[in-house]
Amino acid sequence: MTARAKRLCAAALLLCVLSGGVLPVKADTKEYRQQLLKAYSSSPEGSSATIETCLEALETESPAHGVLWRQIMSDWDRLNHSSFSSSRSLQEGLAQDDSLCIVVFGYGLNRDGSMKPELFDRLNVALQAARQYPNAYIAVTGGETSGVKGISEAAVMAIWLMNNDISEDRIILEKESLSTTENAKNTCSLLNQKYPQIKQLAVVTSDYHIALAATMLQTACTYSASMQGGREMSVVAGASCATSTPVGGGLSTQAWGISVLTGTKWTTGSTASAAQKEMEPEIEPEFWAEAEPEAYFDDSTDY
């Protein structure tokens, strides 16, 4: 028996154990996807063998989905080992034209529609990045999280940037999102529809939030490119403002977010509201989106 065959048998046995001892005739690809999310979120440094076994089994069942999930897992690991959380400015060497887009994640507004200090901090990092790359677009993403109807995080961020001499024609507004997964999905969709020149993405947010934000944005773009015919866009850089919130952890929340974006049923004990609270601690629960683990992208295939 070849090494590959042995790994596939191991995957089948794993599914047998998980299903109570009954070996399925043909494994559901969703089970492999669930195991990928569980394995990495529980032990990112010690799960490489399990992840490779599941990816090979998934590639056998569905080559297209295997390729997609190999990319998702690679990017998840890459972005969680980046230095974005300690970088207060973008790295040198990014595209100097309008193929670069700086994506600034919003932060819950005060009840009167004004910005909280942490959002000012994110914008100051974004302003430095916009000046560093003067031809890049700046996408500001965030919906209505104040008590004032019609005032969105994106709108107030755009006004602040324009008041600091950033040209309006460089600013892209995404003003519907109420969660990090929605920030990622809606921004990806908007860039795909209206800005075909954009290929590189740089994320700006808070230090504790940047691994989650970058992973969600990359997952949304990868899934769209693979399943919906969108173009490839890559998160290549990030910069963050410093906060007193501890950096690190949160892999189970990231796994839940990936499950939402890919339509993979989340089977842990975590509830949607608990994950949402960890993702958006600054937003009052009444403003949260209905965040159930269903795919945000229409997909007619049996996925």
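All figures in this text were calculated on a predicted structure; none of them were measured in a lab. (Residues numbered from 1 in each chain as written. Predicted model: local features only at pLDDT ≥ 70, side-chain atom pairs only at ≥ 80, totals over all residues. Heavy atoms only, no water.)

1. Regarding the state of the cysteines
Link 1 in the chain: Counted by the stated rule, this structure contains zero disulfides.
Link 2 in the chain: Summary of cysteine pairing: Cys-188 is not part of a disulfide, and the nearest cysteine sulfur, belonging to Cys-221, is at 3.5 Å.
Link 3 in the chain: Among the residues examined, Cys-188 registers a relative accessible area of 1% and is labelled buried. (Disulfide = S-S within 2.5 Å. Buried < 20%, exposed > 50% of the residue type's maximum accessible area, 1.4 Å probe, protein only.)

2. Topic: the pattern of salt bridges
Link 1 in the chain: Scanning the entire structure with this criterion turns up four salt bridges.
Link 2 in the chain: Its salt-bridge partner being Glu-52, residue Arg-70 comes within 3.1 Å of it at the nearest N-O pair. Placement of Arg-70 in helix H4 (residues 63-80) and of Glu-52 in helix H3 (residues 48-61) is noted, with a sequence separation of 18 residues between them.
Link 3 in the chain: By relative accessible area, Glu-52 is classed as partly exposed at 26%. (Salt bridge = Lys/Arg side-chain N within 4 Å of Asp/Glu carboxyl O. Helix = DSSP H or I, 4+ residues; strand = E, 2+ residues; numbered from the N terminus.)

3. Re the side chain of Arg-231
Link 1 in the chain: Tracing the chain through its elements places Arg-231 in the loop between helix H8 (210-227) and strand S5 (234-241).
Link 2 in the chain: A polar contact of 2.3 Å, which involves the side chain of Arg-231, links it to the backbone oxygen of Tyr-195.
Link 3 in the chain: Apart from residues no more than four positions distant in its own chain, Arg-231 is found in contact with Leu-191, Asn-192, Tyr-195, Pro-196, Gln-197, Ile-198, Cys-221 and Ala-225. (Polar contact = N/O pair within 3.5 Å; in protein donor to acceptor, adjacent residues only side chain to side chain. Contact = heavy atoms within 4.5 Å.)

4. A look at the confidence of the model for the chain
Link 1 in the chain: Averaged over all residues, the pLDDT of the chain is 85; the fraction at 70 or higher stands at 79%.
Link 2 in the chain: Taken as a whole, residues 15-26 scores under 50 in pLDDT and shows ten contacts with residues more than four places along the chain or in a different chain.
Link 3 in the chain: Every residue in residues 284-303 scores below 50 in pLDDT, and together they form 59 contacts with partners more than four places removed in sequence or on other chains. (pLDDT = per-residue confidence, 0-100.)

5. Focus on H3
Link 1 in the chain: The end-to-end C-alpha distance of H3, which contains 14 residues, comes to 20 Å, matching closely the 20 Å that a straight helix rising 1.5 Å per residue would cover.
Link 2 in the chain: All of the buried residues in H3 are Ile-51, Thr-53, Cys-54, Leu-55, Glu-56, Ala-57, Leu-58 and Glu-59. (Expected span 1.5 Å × (residues − 1).)

6. A short note on helix H9 (residues 251-262)
Link 1 in the chain: Between its first and last C-alpha, H9 extends 16 Å over twelve residues, near the 16 Å set by a 1.5 Å rise per residue.
Link 2 in the chain: Buried residues dominate H9, accounting for eleven of its twelve residues.
Link 3 in the chain: Those residues of H9 lying buried are Leu-251, Thr-253, Gln-254, Ala-255, Trp-256, Gly-257, Ile-258, Ser-259, Val-260, Leu-261 and Thr-262.
Link 4 in the chain: Phi turns positive, to about 70 degrees, at Gly-263, one or two residues after H9.

7. A closer look at the layout of surface pockets
Link 1 in the chain: Approximately 370 Å³ is the volume attributed to the largest pocket.
Link 2 in the chain: Lining the largest pocket are 22 residues, and of these Tyr-208, Ala-211, Gly-248, Gly-249 and Gln-254 lie nearest its centre.
Link 3 in the chain: Within this model, the second largest pocket holds a volume of roughly 210 Å³.
Link 4 in the chain: What lines the second largest pocket is a set of 13 residues, and nearest its centre among them are Gln-71, Thr-222, Ala-225, Ser-226 and Glu-232.
Link 5 in the chain: Sorting the residues of the lining of the second largest pocket by element identifies H4 and H8 as the ones contributing at least two each.
Link 6 in the chain: Of the residues that constitute the lining of the second largest pocket, the class distribution is six nonpolar, five polar and two charged. (1 Å grid on protein atoms, 1.4 Å probe; cavity = no way out; pocket = protein on both sides within 12 Å on 5 of 7 lines; lining within 4 Å. Points joined across faces, edges and corners; volume = space filled by probe spheres on them. Nonpolar A, V, L, I, M, F, W, Y, C, P; charged D, E, K, R; others polar.)

8. Description of the packing of helix H2 (residues 29-42) against H3
Link 1 in the chain: Following both chains from N to C, one finds H2 and H3 inclined at 160 degrees, their axes separated by 9 Å at the closest point. Taken together, the axis directions place H2 and H3 in an arrangement best described as roughly antiparallel. Helix-helix and strand crossings are classified by hand; for H2 and H3 the assignment is left-handed. Here Thr-29, Tyr-32, Arg-33, Gln-35, Leu-36, Ala-39 and Tyr-40 of H2 lie close against H3, whose contacting residues are Thr-50, Ile-51, Cys-54, Leu-55, Ala-57, Leu-58 and Glu-61. (Axes fitted to C-alpha atoms, helices over the stretch in contact; angles between N-to-C directions. Parallel < 35°, antiparallel > 145°, perpendicular 65-115°, else oblique. Left-handed = near helix turned anticlockwise from the far one by under 90°.)

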